Amino acid sequence: MPLYDTLEKLCGLAGPSGFEGPVSAVAKELLEPLMDEVSLDRLGSVIGLRRCGKANAKRLLLDAHLDEIGLIVTGIEEGFLCFAPLGGVDPRMLPARELTILTKPEPLFGVVVCLPPHVQSPSDYNKSVSIEYLRIDVGMTQEQAEKAIPIGTPIVYREGCFRLAGDQVCGKSLDDRACFSILLRTAELLKDQELDVDLYIMGSVREEVSGTGAIVGTNAVAPDWCVAVDVTHAATPDLSHPKDRTCELNAGPAIGVGPNMTWSLTDRMVDKAKTHEIPYQLEVMEGHTGTNGWHMQVCLEGIPTSVVSLPLKYMHSPIEVVSLGDMERTAQLLAAFVKDLGKEGC
């Protein structure tokens, strides 16, 4: 399936942390034609296995998380919903935002209330309203809302994804469904290739709140190597990060360098990029990587781990932007990394 079609399918689904069921089901369906077996674990992560057919083969686990940031209903006041964040939600972008409230059997729609400029005081213009003071308007009375919307109902941004000019795609939950799409593409590139390691591909849950999906899945697989595939900050004109702490869009995947990445895996990533003439960038991660790689490296007795990142603009917003070209190059790099890994080692 073309990368954009995969993105459109996955990003159109609602799956905030802890409520990933619909996304996991579709991810499993997409992965099944490419692997020997695919299953859902107890937390809901999708784990696929392609066997190489060699006795005592080593195991490689590639991971990208399926969950997205979201909100959760905490109360109802005069028909308006109170809520708390699921993951790193920026309150500045919430006022006037359209939302999907994941009620059953059918979702409802709502909007975050906003104060019109006509009634704002001069001091209001430069203020960000804290989440605890924001409310969601669903068009209901108190009685109607209490009946229709249970406390604990999850909420996501309403938008899916759409194309911008060139090869760029914009939308919600590209962090990290763009990277799971990359793993699907990697499996496609390797479909007719002989492997010398057992390849596991995981779409993990709960990354945005805890990383427990990756921890449980990694402990179950017990791999010899892990690669966490996630997004990183792409440079934009207004980005506050120094230029040496951001990556460029359309310049290829970012290979993580630092104490929480195993150097032999990093070296192999760089070597494969050079050998196959795949554009790449180096991303220094001197501390917590902010990815599942942080957790995977300390599973069991410790697992050699690499982090490969897809440049993305406007992280944790409903308008995240990635490049389809970067996605394809990342898949090519991962496929090159997998090929002959058992023979060459790292």
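Structure's up top.
One numbering rule holds for all chains: residues counted from 1, following each sequence as written. Given that this is a predicted model, residues contribute local features only at a pLDDT of at least 70 and side-chain atom pairs are listed and counted only at 80 or more, while totals for whole chains, interfaces and linings are drawn from all residues. For side-chain calculations, the full set of non-hydrogen atoms in the structure is used, while hydrogens and water are omitted.

Chemist: Help me understand the overall build of the chain in this model?
Modeler: Counting its regular elements, the chain contains nine helices and 17 strands. We compute the radius of gyration from the C-alpha atoms alone; for a globule the expected value is 2.2 Å times N to the 0.38, where N is the number of residues. At 21 Å, the chain has a C-alpha radius of gyration in line with the 20 Å of a compact globule built from 346 residues. Seen through its C-alpha atoms, the chain measures out along the principal axes to roughly 70 × 40 × 35 Å. Accessible area is worked out with a 1.4 Å probe on protein chains only. A residue is then buried under 20% of its type maximum, exposed over 50%, and partly exposed in between. Per-residue burial over the chain gives 53% buried out of 346 residues. Within the chain, contacts between residues at least 6 apart in sequence are counted, and of these 75% link residues at least 24 apart. Surface exposure here means Shrake-Rupley accessible area, sampled with a 1.4 Å probe, where a residue is shielded only by the protein chains that are shown. A total of about 15,200 Å² of accessible surface is found on the chain, and carbon and sulfur atoms cover 52% of it. Within this scheme the basic residues Lys and Arg register as positive and the acidic residues Asp and Glu register as negative, but His and the chain ends are omitted. Just so you know, the charge point we use is NZ for Lys, CZ for Arg, CG for Asp and CD for Glu. Considering the chain, the positive charge centre built from 30 side chains and the negative charge centre built from 48 side chains are found 4 Å apart. Every helix listed is a DSSP run of H or I at least four residues long, and every strand listed is a run of E at least two residues long, numbered separately from the N terminus. We call two residues contacting when some pair of their heavy atoms lies within 4.5 Å.

Chemist: Would you mind going over the sheet that holds strand S17 (residues 320–323) with me for this structure?
Modeler: What links the strands of a sheet is backbone hydrogen bonding, and the strands pair in either a parallel or an antiparallel sense. Each pair of strands is called paired provided DSSP finds at least two bridges between the two strands. Taken together, the three strands give an open sheet; going across it, the order is S10-S11-S17, and neighbouring strands pair in antiparallel fashion. Strands with a single pairing partner mark the edges of an open sheet, and in this sheet they are strand S10 (161–163) and S17. On average, adjacent strands in this sheet sit at an angle of 25 degrees to one another, irrespective of strand direction. Across four bridges, strand S11 (residues 168–171) lies against S17 in antiparallel orientation. Each residue of the ladder has a partner; that of Gln168, found in S17, is Ser323. Strands in contact with helix H1 (residues 3–11) are S10 and S11; relative to S10, the strand with the most contacts, it is inclined by about 150 degrees. Lines fitted to C-alpha atoms define the axes, with helix axes restricted to the stretch in contact, and inter-axis angles between N-to-C directions lie between 0 and 180 degrees.

Chemist: Would you mind going over H1 with me for this structure?
Modeler: Inspection of H1 places Leu3, Tyr4, Thr6, Leu7, Leu10 and Cys11 among the buried residues, and these make up the whole buried set. Viewed along the axis of H1, the buried residues span an arc of 160 degrees, placing them on a single side of the element. Considering only its buried residues, H1 is in contact with helix H2 (21–31), S10, S11, helix H4 (174–189) and helix H8 (324–338). The arc in question is the one traced by the directions running from the helix axis out to the C-beta atoms.

Chemist: How should the pairing of strand S12 (residues 198–204) be read in this particular structure?
Modeler: If a strand is regular, its side chains alternate between the two faces of the sheet. The buried fraction of S12 amounts to seven of the seven residues, a majority that puts the element mostly inside the structure. Of the two faces of S12, the one carrying Asp198, Tyr200, Met202 and Ser204 and the one carrying Leu199, Ile201 and Gly203 are both buried. Relative to S12, strand S2 (residues 46–50) runs antiparallel, the two being bridged by five bridges. Bridge pairing in S12 places Gly48 opposite Ile201. Strand direction decides the pairing type here: strand S3 (residues 59–65) and S12, joined by seven bridges, are parallel. Each residue of the ladder has a partner; that of Arg59, found in S12, is Asp198.

Chemist: How should I be thinking about the packing of helix H6 (residues 263–275) against H8 in this particular structure?
Modeler: Packed helix pairs are characterised by how far apart their axes lie and by the angle those axes make with each other. Contact pair H6 / H8: the axes reach a minimum separation of 9 Å and the direction vectors enclose 115 degrees. Between H6 and H8 the crossing geometry is right-handed. Facing H6, whose interface residues are Leu265, Arg268, Met269, Lys272 and Ala273, H8 presents Leu333, Leu334, Ala336 and Phe337. Of the residues assigned to the contact of H6 with H8, the class counts are seven nonpolar, no polar and two charged. Helix crossings get a hand from a simple test, with the near helix turned counterclockwise from the far one by less than a right angle marking a left-handed crossing and a clockwise turn marking a right-handed one. Note on residue categories: nonpolar means Ala, Val, Leu, Ile, Met, Phe, Trp, Tyr, Cys or Pro, charged means Asp, Glu, Lys or Arg, and polar means any other residue, Gly included.

Chemist: Before we go on, may I ask you to explain the packing of H2 against H4 in this structure?
Modeler: One way to put it is that H2 packs onto H4 with a least axis distance of 10 Å and a crossing angle of 20 degrees. If you check the angle between H2 and H4, you find them roughly parallel. Handedness of the crossing formed by H2 with H4: right-handed. Residue-level contacts link Val23, Ala27, Leu30 and Leu31 of H2 to Arg177, Phe180 and Leu184 of H4. Within the contact of H2 with H4, the residues separate by chemical class into six nonpolar, no polar and one charged. Angles below 35 degrees are treated as roughly parallel, those above 145 as roughly antiparallel, those between 65 and 115 as roughly perpendicular, and all remaining angles as oblique.

Chemist: Before we go on, may I ask you to explain the pattern of salt bridges in this structure?
Modeler: It is possible for side chains of opposite charge to pair when their charged atoms get near one another. Any Lys or Arg side-chain nitrogen found within 4 Å of a carboxyl oxygen on Asp or Glu counts as a salt bridge. This structure, assessed with the given rule, holds 14 salt bridges. The partner of Lys54 in a salt bridge is Glu194, and the shortest N-O contact between them spans 3.3 Å. Taken together, the residues span a long stretch of sequence, with Lys54 in the loop between S2 and S3 and Glu194 in the loop between H4 and S12 at a distance of 140 residues. A salt bridge links Arg158 to Glu98; its shortest N-O distance comes to 3.9 Å. Highlighted residues: Arg158 in the loop between strand S9 (154–157) and S10 and Glu98 in strand S6 (residues 98–101), separated in sequence by 60 residues. One continuous salt-bridge network, built from bridges that share partners, spans Glu68, Lys172 and Arg177.

Chemist: How should the side chain of Asp63 be read in this particular structure?
Modeler: Its location among the elements puts Asp63 in strand S3. For the buried Asp63, which has no salt bridge, the nearest side chain bearing the opposite charge is Arg177, at an N-O separation of 12 Å. Excluding residues within four positions of it along the chain, Asp63 makes contact with Leu183, Met202, Ser204, Val227, Ala228, Val229, Asn292 and Met296.

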